[in-house]
Amino acid sequence: MTDRFEPFRHRCGDLRHRYCTNMAELEAQLSNLSISNDEPSLLDASDAQDIMQCAAQAKDNVLVVVLVGLCGAGKSATANRLSGNVEKRRAQRSAGPVTKSCGVACGDSLIVLDTPGFGDAGLGTNATAAAIRKATQEAEEAVAATGKEARFSVLYVASCASRLNTADLEAMVAVGFALGRAWRNSACLVWTHADLLEEASLQAFLEGLDGDARIAADSLRGGHCLLDNVSTGGAASALVEDVLDRCRRFSRIGRPQPSGKHARRIRQDAMRRREARRRAENGEAPPSLCRVM
Ligand SMILES: Nc1nc2c(ncn2[C@@H]2O[C@H](COP(=O)(O)OP(=O)(O)OP(=O)(O)O)[C@@H](O)[C@H]2O)c(=O)[nH]1
Ligand SMILES: [Mg+2]
């Protein structure tokens with residue numbers, strides 16, 4: 001009988017084989033993602049201005065923290081909390097998605113990039129991944145325009161108020177399509193709503209996480225950290241310091257971006273779109289409608 005894990009077998013434990021199979025299936029499902037590099041600007045002019053102002057004031061390099069995660073996990077509240085910019089991003093309880101487009105909240109040599117959540121039925125995985133990719137690129141360009149260097153780190157935001165589930169695993173794969181598979185090397189998993197844990201430790205909270213979810217969560221090199229976005233005082237500030245410290249330690253110079261086969265697909269896609277636009281502007285018929293004489 002053939003081993004159903006055989007195609008993915010490598011030097012890892014049994015559990016990893018199952019994980020590899022599942023993740024390979026997931027990646028196959030998501031491989032029809034078409035992330036364009038050629039869409040109109042995503043960050044608005046005031047965001048670009050905020051980035052440039054922040055970078056211009058920075059002594060040397062600037063830390064760009066890219067927030068990703070499911071709708072409602074607390075990304076926007078995290079952007080406000082980390083930047084010390086209390087209400088820059090709209091964060092609220094809502095039955096539906098709140099953040100529809102990317103934006104920034106800036107602090108001291110710090111740019112926090114807030115993004116729409118995965119699982120927004122209106123936006124879809126493709127568009128969300130494309131938005132993350134493009135906004136990250138624009139943030140890098142805006143910093144570069146000031147002559148400063150940007151270091152990047154990614155925070156996968158999940159909430160202590162819910163469970164890490166299949167949607168999170170899919171979102172993590174989609175982040176790989178947006179930022180390249182190596183995004184995990186400069187990423188941490190931040191658990192918001194730490195206030196709900198009361199006295200329980202992070203370790204105790206994580207005990208129930210096992211199987212694929214545990215492996216996916218532990219695959220982020222910066223590890224797990226807590227964040228309380230509503231409380232004031234020393235304990236809540238210490239959590240902010242811990243998150244920012246990890247972001248700095250696990251940051252990389254230059255934005256994380258896809259490479260290899262996926263990057264090639266993005267380039268080809270962008271080329272096709274440009275060509276279609278050029279034809280439309282010149283009133284030329286699409287190639288399939290050309291008359292063969
Ligand atoms: N108690 C508590 N509430 C939080 C915390 N972080 C976020 N919230 C609340 O959770 C709700 C959702 O937070 P948002 O920041 O809007 O979530 P989001 O991930 O940006 O949501 P989308 O933009 O829809 O993707 C808001 O009411 C926040 O105030 C936290 O640490 N503790
Ligand atoms: Mg939001």
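Residues numbered from 1 in each chain as written. Chains lettered and ligands numbered in written order. Predicted model: local features only at pLDDT ≥ 70, side-chain atom pairs only at ≥ 80, totals over all residues.

**Thoughts on the overall build of the chain**
Keep this limit in mind: Each helix corresponds to a stretch of at least 4 residues labelled H or I by DSSP, and each strand to a stretch of at least 2 residues labelled E; elements are numbered beginning at the N terminus. Residue pairs qualify as contacts under a 7 Å threshold applied to their C-beta atoms, which are placed from the backbone.
Regarding its fold elements, the chain presents 9 helices and 7 strands. Taking contacts inside the chain between residues at least 6 apart in sequence as the whole, the part at least 24 apart equals 76%.

**Section: the site of ligand 1**
Operational definition: A molecule or strand has a residue near it when that residue's C-beta atom, placed from backbone coordinates, lies within 6 Å of it. Amino acids outside the nonpolar list (Ala, Val, Leu, Ile, Met, Phe, Trp, Tyr, Cys, Pro) and the charged list (Asp, Glu, Lys, Arg) are all regarded as polar, and Gly is one of them.
Close to ligand 1 lie 22 residues, the nearest being Gly74, Ser76, Ala91, Thr99 and Gly117. Top element by residues in the shell around ligand 1 is helix α3 (residues 75-83). It accounts for 3 residues. Its residues placed into classes, the shell around ligand 1 shows 9 nonpolar, 9 polar and 4 charged.

**As for the packing of helix α4 (residues 124-144) against helix α5 (residues 166-179)**
Stated formally: Inter-axis angles, ranging from 0 to 180 degrees, are taken between N-to-C directions of lines fitted to C-alpha atoms, where helices are fitted over the stretch in contact. By the definition adopted for this analysis, an angle is roughly parallel if under 35 degrees, roughly antiparallel if over 145, roughly perpendicular if from 65 to 115, and oblique otherwise. Two helices that cross are described as forming a left-handed crossing if the nearer one is turned anticlockwise from the farther one by less than a right angle, and a right-handed crossing if clockwise.
Relative orientation of the contacting elements α4 and α5 amounts to 45 degrees, with a least axis distance of 8 Å. The orientation of α4 with respect to α5, classified from their angle, is oblique. The hand of the α4/α5 crossing is right-handed. Residue-level inspection shows Thr125, Ala129, Ile132, Arg133 and Thr136 of α4 in contact with α5, the latter providing Ala174, Val175, Phe177, Ala178 and Leu179.

**Some details on unusual backbone geometry**
Applied cut-off: Here a residue counts as buried when 20 or more other C-beta atoms fall within 10 Å of its C-beta, as exposed when 12 or fewer do, and as partly exposed in between; the C-beta atoms come from the backbone.
Of note in the backbone geometry, serine 109 takes a positive phi value of approximately 55 degrees without being a glycine. Along the chain, serine 109 turns up in the loop between β2 (103-107) and β3 (110-114). Using a count of 17 C-beta atoms within 10 Å as the deciding quantity, one classes serine 109 as partly exposed. Unlike most non-glycine residues, glutamate 198 shows phi in positive territory, near 50 degrees. Take glutamate 198: it is sitting in the loop between β5 (187-192) and α6 (202-206). Residue classification places glutamate 198 among the exposed residues on the basis of 6 C-beta atoms within 10 Å.

**Quick word on the confidence of the model for the chain**
For any part of a model where pLDDT is low, the fine detail of the predicted coordinates should not be relied upon. The condition is simple: The pLDDT value expresses, per residue, how confident the predictor is, ranging between 0 and 100.
Here the chain averages 85 in pLDDT, and 82% of its residues register 70 or above. In the model, residues 1-17 has pLDDT below 50 throughout and makes 11 contacts with residues more than four positions away in sequence or in other chains.

**Let's talk about the nonpolar core**
Spelled out, the test is: A set of buried residues qualifies as a nonpolar core if it consists of Ala, Val, Leu, Ile, Met, Phe, Trp, Tyr and Cys joined through C-beta atoms within 7 Å.
Grouped together as the largest cluster of nonpolar side chains are 68 residues, with contacts concentrated most on Val65, Ile111, Leu113 and Ala139. With residues near it in sequence (within four places) discarded, leucine 113 still touches Val64, Val65, Val66, Leu67, Cys102, Val104, Ala135, Thr136 and Ala139.

**Regarding the environment of threonine 125**
Tracing the backbone shows threonine 125 in helix α4. On the basis of neighbour counts, which here come to 19 C-beta atoms within 10 Å, the residue threonine 125 falls in the partly exposed class. C-alpha of threonine 125 to C-alpha of valine 175: the two residues are 50 residues apart in sequence and 9.6 Å apart in space.

**Let's talk about the pairing of strand β4 (residues 150-159)**
Basically, it comes down to this: For two strands to be treated as a pair, DSSP must find no fewer than two bridges joining them. By definition, the crossover connecting two strands over a helix is right-handed if that path, from the first strand to the second, turns clockwise as seen with the strands pointing away from the viewer.
By the criterion of burial, β4 is predominantly enclosed, with 10 of the 10 residues buried. Residues of β4 alternate between two faces, with Ala150, Phe152, Val154, Tyr156 and Ala158 on one and Arg151, Ser153, Leu155, Val157 and Ser159 on the opposite face, all of them buried. Note that strand β1 (residues 62-69) and β4 share 8 bridges and pair parallel. Looking at the pairing, valine 62 lines up with alanine 150 of β4. Sheet analysis places β4 next to strand β7 (residues 252-253), joined by 2 bridges and oriented antiparallel. Looking at β7, one finds that phenylalanine 152 is bridged to arginine 252. Here β4 pairs with β5 via 6 bridges, running parallel. Paired with tyrosine 156 across the bridge in β5 is leucine 189. Handedness of the β4-α5-β5 crossover: right-handed.

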